[in-house]
Amino acid sequence: MDKIKALNLLGLAYRAKKIVNGEENVIMNLQKGKCKVVIIASDASSRTLDMFEKKCFFYNVKLVKDFSSDELSKALGKTLVKDLAIIDQGFSDAFFENLK
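Residues numbered from 1 in each chain as written. Predicted model: local features only at pLDDT ≥ 70, side-chain atom pairs only at ≥ 80, totals over all residues. Heavy atoms only, no water.

Q: Explain the pattern of salt bridges to me, and be specific about the residues and the numbers.
A: Inspection of the entire model under this criterion finds seven salt bridges. With a closest N to O distance of 3.7 Å, K3 and E71 form a salt bridge. Residue K3 is found in helix α1 (residues 3-15), and its partner E71 is found in helix α4 (residues 69-76); the two are separated by 68 residues along the sequence. (Salt bridge = Lys/Arg side-chain N within 4 Å of Asp/Glu carboxyl O. Helix = DSSP H or I, 4+ residues; strand = E, 2+ residues; numbered from the N terminus.)

If you want it as structure tokens, here you go:
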């Protein structure tokens, strides 16, 4: 598992506009069927974790909880990133390649 490469790929995908972040944006894209993978910070609140686990199960989307909020924030160059979703299949496949 190469977390650094996976985080670098998240930064690249964000600059390519293939990532949505923020609770409302992620849920909206989940409902539209655009999300390929949802990534939640491991230090997110239990309410957030529970809600996204249920939504991802319902919409049959993979959920990743391997990164802290600090790691996600640095990867995207933003502050306080707790949840995000990759909306491109190519970036999603490459992300999971790096997590193996």
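Q: Could you give an account of helix α3 (residues 46-59), with specific residues and numbers?
A: With 14 residues, α3 extends 20 Å between its outermost C-alpha atoms, agreeing within 8% with the 20 Å of an ideal straight helix rising 1.5 Å per residue. Directly after α3, the chain includes N60, whose backbone phi takes a positive value near 55°. (Expected span 1.5 Å × (residues − 1).)

Q: I'd love a proper account of the packing of aromatic side chains, names of residues and values included.
A: If you walk through the whole model with that rule in mind, you get three aromatic pairs. With a centroid separation of 4.9 Å and an interplanar angle of 90°, the aromatic rings of F58 and Y59 are classed as edge-to-face. Judged by relative accessible area, which is 29%, Y59 ranks as partly exposed. Look at F95 and F96: their rings are 5.7 Å apart centre to centre, the planes differ by 75°, and that puts the pair in the edge-to-face class. Given the relative accessible area of 0%, F95 is considered buried. (Phe/Tyr/Trp six-rings, centres within 6.5 Å; stacked < 30°, edge-to-face > 60°. Buried < 20%, exposed > 50% of the residue type's maximum accessible area, 1.4 Å probe, protein only.)

Q: Which residues make up the sheet that holds strand β4 (residues 83-86), and what values go with them?
A: Here we have four strands laid out as an open sheet, ordered β1-β4-β2-β3, and mixed in their pairing. At either end of the open sheet lies a strand with only one pairing partner, and these are β1 (19-21) and β3 (62-64). Here the average twist between neighbouring strands, direction ignored, is 20°. Of the strand pairs in this sheet, strand β2 (residues 37-40) and β3 are connected by three bridges, and their pairing is parallel. Residue V38 lies in a different strand from β3, and its bridge partner there is L63. (Pairing = 2+ DSSP bridges. Axes fitted to C-alpha atoms, helices over the stretch in contact; angles between N-to-C directions.)

Q: I'd like a rundown of the state of the cysteines, residues and numbers included.
A: Applying the stated criterion across every chain yields a total of zero disulfides. With no disulfide of its own, C35 lies 7.7 Å from the sulfur of C56, the closest cysteine sulfur. Given the relative accessible area of 3%, C56 is considered buried. (Disulfide = S-S within 2.5 Å.)

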